[in-house]
Structures are given as C-alpha cells and as structure tokens.
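# Residue-level structure breakdown
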Amino acid sequence: MKRACVLAVSAWLASAAWAQSPAPAKDERRTAAPRVVRDAALEARVDALLRRMTLEEKLGQLQQLDGEADGRFRPEHLELARAGRLGSTLNVRGAAQVNELQKAAVEGSRLKVPVLFGFDVIHGYRTVFPIPLAEAASFDPELAEATARAAAAESAAVGLKWTFAPMVDVARDPRWGRVSEGAGEDPYLGSVMARARVRGFQGDDVSREDRVIATAKHWVAYGAAEAGRDYNTTDVSERALREIHFPPFEAAVDAGVGTFMSAFNDVDGTPATANRFTLTRVLREEWGFDGFVVSDYTSVLELIKHGIAADEAEAARKALTAGVDVEMVSRTFAQRLPDLVRSGGVPVATIDQAVRRILRLKIRAGIFERPYVDAGREQTALLTPESRQLARRAAARSMVLLRNEGGLLPLRKDLRTLAVVGPLADDRKAVIGAWSGDGKAEDAVSILAGIQAALGASVPVVHAKGCEIEGGGDEGFAAAVEAAKQADAVVLVVGEAAEMSGEAASRSVIDLPGRQLDLVRAVHAAGKPTVVLLVTGRPLTFPWIAENVPAVLLAWQGGTEAGSAAADVLFGDTNPGGKLPITFPRSVGQVPIYYAHKRTGRPPAEDKWNSKYLDVPVTPQFPFGHGLSYTTFELSGLTLGGTGITASGTLPVQVTVRNTGSRAGDEVVQVYVTDVAASVTRPVKQLRAFERVSLAPGESKTLAFTLGPRDLGLLDARFRWTVEPGEFRITAATSSEGGLTEAFTLR
Ligand code: BGC
C-alpha cells in the first residue's frame, strides 16, 4: 500500500466540492472564479443597458422560444421582439427569417437588444460530417476542429450565431441512442474532442462572421441514464461525476465555451436544471465559467414532473436561483418571476446576474454591431466543394476496421463483378444520421453510389436490398444470394436507420435490427469473399459476424460523403486508421462495459467464485481503442524519463512506432496510466495521451509524450486533488488491450 501523502498541487486542481463532499480545509478551496477576466468597457456597456431595462425586458432576455420546424419564426415572435421580450430562439434560421425577426428587435424595440438565433448544429449544418461518435474514432482533434469550423461557417451564413453543441456527455451505455452525439466512453478522449470542437465553432474571436457560440451539453450525467433509457434518472456518485462526467465539461470551459445547457436528468436528488451544486458551486465557483446556462427543452417546467416543484412558480425559482439563466421553450421565468420578485421570493439581483451574462455574450458575439446576415452569402456558403471534400476526408478517417481476416480488404478495383447487398446500401438518409442539421438526404452519397463511382462503368455492381432495416420477411434473400453468387466479392451493408439513434432512440437490444443477421448468414453461405460494412450510430452486438465474416468495416453514419469515403476505404485509396471510442460488447447483458473499469477483489478466473458470467466471456467483442489497418505496426522501445519522479515533476514517455507492412497507413499510439495502489480505488487503466501518426512502409517514428501531475493524480477520499507517491505503470499500446508496459515510482 502506498503512503497516503496529500500534496497541495496548485492551479490545475479539480478542487473540492462544497455541497456534497465534506468541506475541505479553507486554503484548498478554489474560492475565486479563476478564469474570469472582465473587460471594463464591456461591463460598463452591459450595466448601462441593464439600468434602462424594465423587469419585463430583463425577463425577455431569459426567454428562448422555438420556431417552426422548417425554420420560420412564429407570428408571436415578432410582437415579442418588438416589445424587447424575446432573448433568443431555436430553430429559426435562414437569412430572410432571421433578418426580419432581428429587424423587429433592433429597429422596433426600445433598447434594440438583438435576438440570438440558436440551432442544433451537431455534426454539420448543410454539409453533414460524420456523427460526433465517429469523429471521436478518428482520434484526430484537428479534424474535429476543422469540421466544427466548417459547420460554424455554414450556420453563421444562414443567420445562426449559436449552436447547441458539442454534446460532451460521457456515454458508456450503447442502449442510449445519444451515444452517437458525443465522443464515447472516455473522459480524456472526450476532453480532447470537447476542446477541439469548441475551438472549431468559436475560433479565437466569436464575433467573426463565420463563427458561432458553442454549448457544452448536457450538464451533467445525462449519459448515465439508468438502463440506457433516454431522459431516465441517474444515480451517480460525486466521485463518478468528478472523475468521469465532469472532465469534458471542464475542458470546454478551458477552451472558452460560451454557454452550457442544463440536462433533463436527476443528479443525486436534484434535477440538473435546479442543481445548485453543479450549476453554481462547480461551474461558477470552482471553474469560473463566465458564459450563460440555457435549460434544455422545457426542462424548467419538467421540474414539476420530477416532483421537486409544486407549481410553475417554484420551478422558475428553483431553476433560476440554482444557476439557469435562459429558459428554453417553457415560460415559467417570464410568467412567474414578476410575482416572485414582488413577493420577495426571488431577488432582482439574481435576474440581473442572468441578464448580464446574456448581454455580455451577445456583445462579444458582435450581434449588436452586426445583427443582420448577408442573404447573398447564404447562397454561396453552403455545401461548397471544399466542405464536401472535408466531409469525405472526415468520414474516411473516422472508419474503424474491426476485422480483416486474410487481408480480404482492401478490395481490388479490377473485380469482374461486385455485389452490394443489404437494406442500408442505397440509403442516403441513414448515412447522414440523426441530428443532421439542415442536411438533405438527396445531397448524400449512399454507400452503393460511392462504390459505383469508384469502380466506374467497367465493373458491374449488382445490388440487392435483401430485406428491410426493421421488420419484414426473407422474400428478398434469394435475390441477394443470387447477386452474391454472380460476384467476385460481396459488400453487405447493414446496420441502423438514422432515427434508431439520437434523442429518444434507446434500444434494449442492440443486435442488427429486423432480419439483417439472417440476411448476412444467407449471403455469407454463398461462399464468396464477404465484407460487412456497418452503418450505425451506436455500438451493435454481432458476435456471429465478428467470428465468421472475414472483414468488418465500421463506417458509422458518415454524413454527406459517407459513400465516397466508404469506397475510398474499401478499395484502399484511404487506409483506415480509426479506433473505437466506445467498447463494443458481445451481448447487451454485459452493459455497462468499458475499458477503464475498477478492479474487483475477485477478478475473472477459471474457478467459480470470481467476477464473471456463466454464459458469456467478460471481455468485449471489440475493446476501446481497437482498430486495424491494411498495414501492420509495431511498438518498441517504451522508455520513461527515469524510473522515479517527484509528485510535482513531469514524466517524459517515449515509444517508437514502426510501419512493418507494405502500405502507408496511420496508427493511433495510446498511452495509458495505471496507479498500482492508491488511497482510493482506481480504474485498471486510464488513457492519458495519444497521437495519430501516418507512416510510410518501413518508416518509424519515435513519439514523445509528457505526463504531468494531472495525469497521475487523483481525488482523495475528501475530493482534494492529490498526487500520491508509489508505483505506476505506463502502457503504450494500439488498443486498450495489450501493449508495452513499464513501471516507475513516484517519490
Ligand atoms: C435536446 C437538446 C437540444 C434541444 C433543442 C432537446 O430535446 O435534449 O440536446 O439542444 O432539444 O433542440
């Protein structure tokens, strides 16, 4: 057992919680808002405006209303904007609609405060990029930043200045449909991706005409919904909040994210939308977040259904005083706060504080100076050849080669005939996935179309749908088998429809839906070289395929250029280099299953009295970090900068990666830390660094990483950040399983 030596480590500390954990010694608290740097001129401008506002106008800033699904505003919005009582909208978009409503606010209202126009730009506005889970599989933050930048430019061109993205919820339950919207199961990868996306959306100067304000959502633990059922309650310890769910949000704050969205779910007895601990203690007082918090859709009103508010007035009071600044869609703030202020139930100062936060961001976003958008730009900014090219690159870099027995992939382009079979082969809607902004299926390249374009007219492609995605019978099987028999090879495109993941799309069984597995078996039995290409927004369970079909390529929901990118990878123009950002289980009964699990006193073993199942191995089908290539790589020479460092020092880690095959390719070198014995239990390993490298055949590269106290420390039993002396193991690997390991001692 390691000596439990608590070291006060400064600035980067995740400091103690006040509400939930026992109060730590005073000098260990982070009392000031550390990241807030106020601009005096801006503050003066906000104050001057605030002084002139009536209570109704203030409450107007706190109100966000929904437009029509097609982007039009509602007639009522015009009146409210003229009265200075509409702070923001969601879903209203398009230069004409935005400019008309904005005109009512900035030319028709007393104080001329512009409306902020928000929308869910989750993985692209009109050009659809791969779903965020797929992009996380690229292990390429620069790519994620680039696609967010492109999405911001398109959004801003149609008058949107605010996106409700990135979703940074850590998600370890593939039944939850919204795994598709985030970066998967790992807090570290999630943090890297959160930072990249915030930078991409906002840039250095959010007032630029091609930038939008980002939102870190859903604060917090929304991904921990019990049983993977969306909107369900959670039961998360403070340790799990701080170690697993908080880090990507804190990373978003570090990157300067403008807004947070409070989640629908309960967090330890207080719904996230009324949770003072998370909204104020952690977000404001520990992290110094300076932007504003928007509720989720009607989540303030839903406090009544949660059973913590008797009526709308109580819901409004609880949400506002806990730290929600803007109410999305429901109207309890606007309607109930006037009486509450009069009765002394809510101080005006609390409302003023929320209004200040909103005005500050509106000023920073430049919409006072440039409230309108140029309708001409809308015509030229969308779906440009450059953004389509980026979408193609992003989709290809996100794909994960799960299996490739006998080097079946890449396929040759000089085949005599190729069969492309399956209900998702010619589906342009499925590939753009859920939450696809204003992306249009008709702009998308289906997998079939991408393959046909790559092969050209000289190679006949026989297509058979085989079956429906869901339901239906086996009437189409015979034609599919016949197509396979005529061909040199078969690509079977199976998976999920777009609406099977995303919001309100939980599944209790995550097998291939409908008759698709039977179709795969029937076509495979034709005896031709068979590739399964998966189009999906979440991990699926497919043990038979994983054991019997020689090649399995995970294409996710790749966006507008999914089909072109799939062809790039299938025929080897792009060598796949993606890695799983989330564990793929063998069976749904293993869920939750993730690589950074805690140890047990009875680790899995042969005899009976150990932690295991009778009917399925404890190991996943495919672990976090897994992904193959058309070439091979070898790691060697893992060296740590000495065998011992002090708690405040840094640990240089070097490892050499060599392309040992005959094709150029990418490998993602992953560095995991294991704390052998600590004062509190630790995960078996934790990802702490990674790098995706491209290497020519025979080429090798020595990668240098630096681990610091942040990577080696922990929150002690009282939630004080500490770095404890003792033994650590560092693993450099190409997946969360295996790799090279070296030990060192922290003194
Ligand atoms: C979702 C949010 C989304 C909001 C606005 C809610 O139902 O949970 O993620 O931003 O709707 O569309």
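So, how was this worked out
Starting afresh in each chain, residues are numbered from 1 along the sequence in its written order. Only residues with pLDDT of 70 or above have their local features reported here, since the model is predicted, and side-chain atom pairs are shown and tallied only from 80 upward, although totals for entire chains, interfaces and linings are computed over all residues. Think of the side-chain values as coming from all heavy atoms in the structure, minus any hydrogens and water. Only DSSP runs of H or I reaching four residues or more are called helices, and only runs of E reaching two or more are called strands; each is numbered from the N terminus. Each radius of gyration is computed over the set of C-alpha atoms, and the globule rule expresses the reference value as 2.2 Å times the number of residues to the power 0.38. Whether two residues are in contact is decided by their heavy atoms, any of which lying within 4.5 Å being enough. Each accessible area is a Shrake-Rupley result for a 1.4 Å probe, and residues are judged covered by the shown protein chains and nothing else. By the counting rule applied here, Lys and Arg register as positive and Asp and Glu as negative, while His and the ends of each chain are not counted. For this purpose, a charge sits on NZ of Lys, CZ of Arg, CG of Asp or CD of Glu. Joining through side-chain atoms within 4.5 Å is the link that ties buried Ala, Val, Leu, Ile, Met, Phe, Trp, Tyr and Cys residues into a set, and such a set is a nonpolar core. When a residue's accessible area, from a 1.4 Å probe over protein chains only, is under 20% of the maximum for its type it is buried; when over 50% it is exposed; and in between it is partly exposed. Note on terminology: near, applied to a residue and a molecule or strand, indicates that one of the residue's heavy atoms is within 4 Å of it. The term polar contact refers here to a pair of N or O atoms within 3.5 Å; inside protein, the definition further demands a hydrogen-donor-capable atom paired with an acceptor-capable atom, and it admits residues adjacent in sequence only when both atoms are side-chain atoms. Residue polarity follows a fixed list, in which Ala, Val, Leu, Ile, Met, Phe, Trp, Tyr, Cys and Pro are nonpolar, Asp, Glu, Lys and Arg are charged, and the others, Gly among them, are polar. Pairing between strands requires that DSSP locate at least two bridges from one strand to the other. Lines are fitted to the C-alpha atoms to define the axes, a helix being fitted only along its stretch in contact, and any angle between axes, read from their N-to-C directions, falls within 0 to 180 degrees. Each Phe, Tyr or Trp ring, with Trp reduced to its six-membered ring, pairs with another whose centre is within 6.5 Å; inter-plane angles below 30 degrees give stacked pairs, above 60 give edge-to-face pairs, and intermediate values give tilted ones. Our definition puts a charge over a ring when NZ of Lys or CZ of Arg is within 6 Å of the ring centre and also within 35 degrees of the ring normal. The labels follow the angle: roughly parallel below 35 degrees, roughly antiparallel above 145, roughly perpendicular from 65 to 115, and oblique for the rest. Crossing handedness is defined as follows: a turn of the near helix away from the far one that is anticlockwise and smaller than a right angle gives a left-handed crossing, while the clockwise case is right-handed. Salt bridges, as used here, are contacts in which a Lys or Arg side-chain nitrogen is within 4 Å of a carboxyl oxygen on Asp or Glu.

## Notes on the overall build of the chain
Along the backbone of the chain there are 23 helices and 26 strands. A globule of 747 residues ought to have a C-alpha radius of gyration of about 27 Å, and the chain, at 26 Å, matches this closely. Each principal axis of the C-alpha atoms in the chain carries an extent, and together these give about 80 × 65 × 45 Å. Counted over contacts in the chain with a minimum sequence separation of 6, partners at least 24 positions apart contribute 78%. Working note: accessible area of the chain is about 26600 Å², and carbon and sulfur atoms make up 49% of it. Across the chain, the centroid of the 87 positively charged side chains sits 3 Å from that of the 91 negatively charged ones.

## So, the nonpolar core
Grouped together as the largest cluster of nonpolar side chains are 155 residues, with contacts concentrated most on W219, F260, L534, F542 and W556. Not counting residues within four places of it along the chain, the set of residues in contact with F542 comprises L402, L534, V552, F584 and F622. Counting residues in each nonpolar core, the second largest holds 43 residues, with I451, V461, V493 and A567 among its members.

## What about the site of the ligand?
Lining the immediate surroundings of the ligand are 13 residues, of which D120, R178, H218, D296 and E503 lie closest. Note that an oxygen atom of the ligand is positioned 2.5 Å from one of the side-chain N or O atoms of D120. One of the side-chain nitrogen or oxygen atoms of H218 is found 2.6 Å away from an oxygen atom of the ligand. Among the residues making up the shell around the ligand, the classes are represented as 7 nonpolar, 1 polar and 5 charged.

## Considering the sheet that holds strand β5 (residues 215–219)
Taken together, 3 strands build an open sheet; the order of strands is β5-β6-β9 and the sheet is parallel. Whereas interior strands pair on both sides, the edge strands pair on one side only; in this sheet they are β5 and β9 (292–294). Across this sheet, the average inter-strand angle for adjacent strands is 25°, counted without regard to direction. Here strand β6 (residues 259–262) runs beside β9; their pairing, made up of 3 bridges, is parallel. Across the sheet, residue F260 finds its bridge partner in β9, namely V293.

## What to know about the sheet that holds strand β16 (residues 551–554)
An order of β11-β16-β15-β14-β12-β13 is seen for the 6 strands of this open sheet, with the pairing classed as mixed. Either end of the sheet is taken by a strand with one partner, and the two such strands are β11 (400–404) and β13 (461–464). The average angle at which neighbouring strand axes cross in this sheet is 15°, direction not considered. The pairing of strand β12 (residues 418–421) with strand β14 (residues 489–495) spans 4 bridges and is parallel. By the bridge assignment for β14, A419 is matched with V490. Along the sheet, helix α18 (residues 447–455) contacts β12, β13, β14 and β15 (530–535); its crossing angle with β13, the most-contacted strand, is approximately 170°. Contacts from helix α22 (residues 562–570) reach β14, β15 and β16 within the one sheet, and its direction differs from that of β15 by about 145°.

## What to know about the packing of aromatic side chains
Counting across every chain of the model gives 22 aromatic pairs. Centre to centre, the rings of F139 and F690 are 5.0 Å apart; their planes meet at 75°, and the pair counts as edge-to-face. Of the two residues, F139 is situated in the loop between α5 (132–137) and α6 (141–157) and F690 in strand β21 (residues 686–695); the sequence distance between them amounts to 551 residues. Exposure remark for F139: the relative accessible area of 1% places this residue in the buried category. On the basis of relative accessible area, F690 is assigned to the buried category, the value being 13%. Considering the side-chain rings of W176 and Y222, the 5.0 Å spacing of their centres and the 90° angle between planes classify their relative orientation as edge-to-face. Here the residue W176 occupies a position in the loop between β4 (162–163) and α7 (187–202), and Y222 occupies one in the loop between β5 and α8 (238–245), the gap between them amounting to 46 residues. For the pair W176 and Y222, one class covers both residues: buried. Here the aromatic residues F139, Y188, Y595, F624, Y672 and F690 are joined through ring pairs into a cluster of three or more. Note that R45 overlies the ring of F368, its terminal NZ or CZ placed 5.2 Å from the centroid. Geometry around Y594 places R172 over its ring, the cationic atom sitting 4.1 Å from the centre.

## Comments concerning the environment of G118
Mapped onto the elements, G118 comes out in strand β3 (residues 116–119). Classification of G118 as buried rests on a relative accessible area of 0%. Here the alpha-carbon distance between G118 and G439, two residues 321 residues apart in the chain, equals 16 Å. Filtering out sequence-adjacent residues up to four positions away, G118 remains in contact with T89, L90, N91, L160, W162 and F164.

## Let's talk about unusual backbone geometry
Cis geometry is adopted by the peptide bond preceding H218, which originates at K217 and carries an omega value of -5°. By the element assignment, H218 lies in strand β5. Cis geometry marks the peptide bond from W219 to V220; its omega dihedral reads 5°. Its location among the elements puts V220 in the loop between β5 and α8. Positive phi is not limited to glycine here, since A504 has a value of about 55°. Within the secondary structure, A504 is located in the loop between β14 and α20 (516–524). Given a relative accessible area of 54%, A504 falls into the exposed group.

## Things to note about the pairing of strand β25 (residues 726–733)
β25 sits mainly inside the fold: 6 of its 8 residues count as buried. Here strand β20 (residues 665–675) runs beside β25; their pairing, made up of 6 bridges, is antiparallel. By the bridge assignment for β25, Y672 is matched with T731. Sheet topology places β25 next to strand β26 (residues 740–746); 7 bridges connect them, and they run antiparallel. Of the residues in β26, the one forming a bridge with F728 is F744. In sequence, β25 turns back onto β26 through a hairpin of 6 residues, with G738 there showing a positive phi of about 80°.

## What about the packing of α8 against helix α10 (residues 276–286)?
At a minimum axis distance of 14 Å, the contact between α8 and α10 shows a crossing angle of 50°. In terms of their interaxial angle, α8 and α10 are classed as oblique. By crossing handedness, the relation of α8 to α10 is classed as right-handed. Facing α8, whose interface residues are E238, L241 and R242, α10 presents F277, V282 and E286.

## Some words on the pattern of salt bridges
Within this structure, the stated rule accounts for 51 salt bridges. For the salt bridge of D47 with R356, the shortest nitrogen-to-oxygen distance reads 3.0 Å. Placement of D47 in helix α1 (residues 40–52) and of R356 in helix α14 (residues 348–364) is noted, with a sequence separation of 309 residues between them. Under the relative-accessibility criterion, D47 is labelled partly exposed at 24%. One salt-bridge network, held together by shared partners, links R38, E43, D290, R360 and R364.

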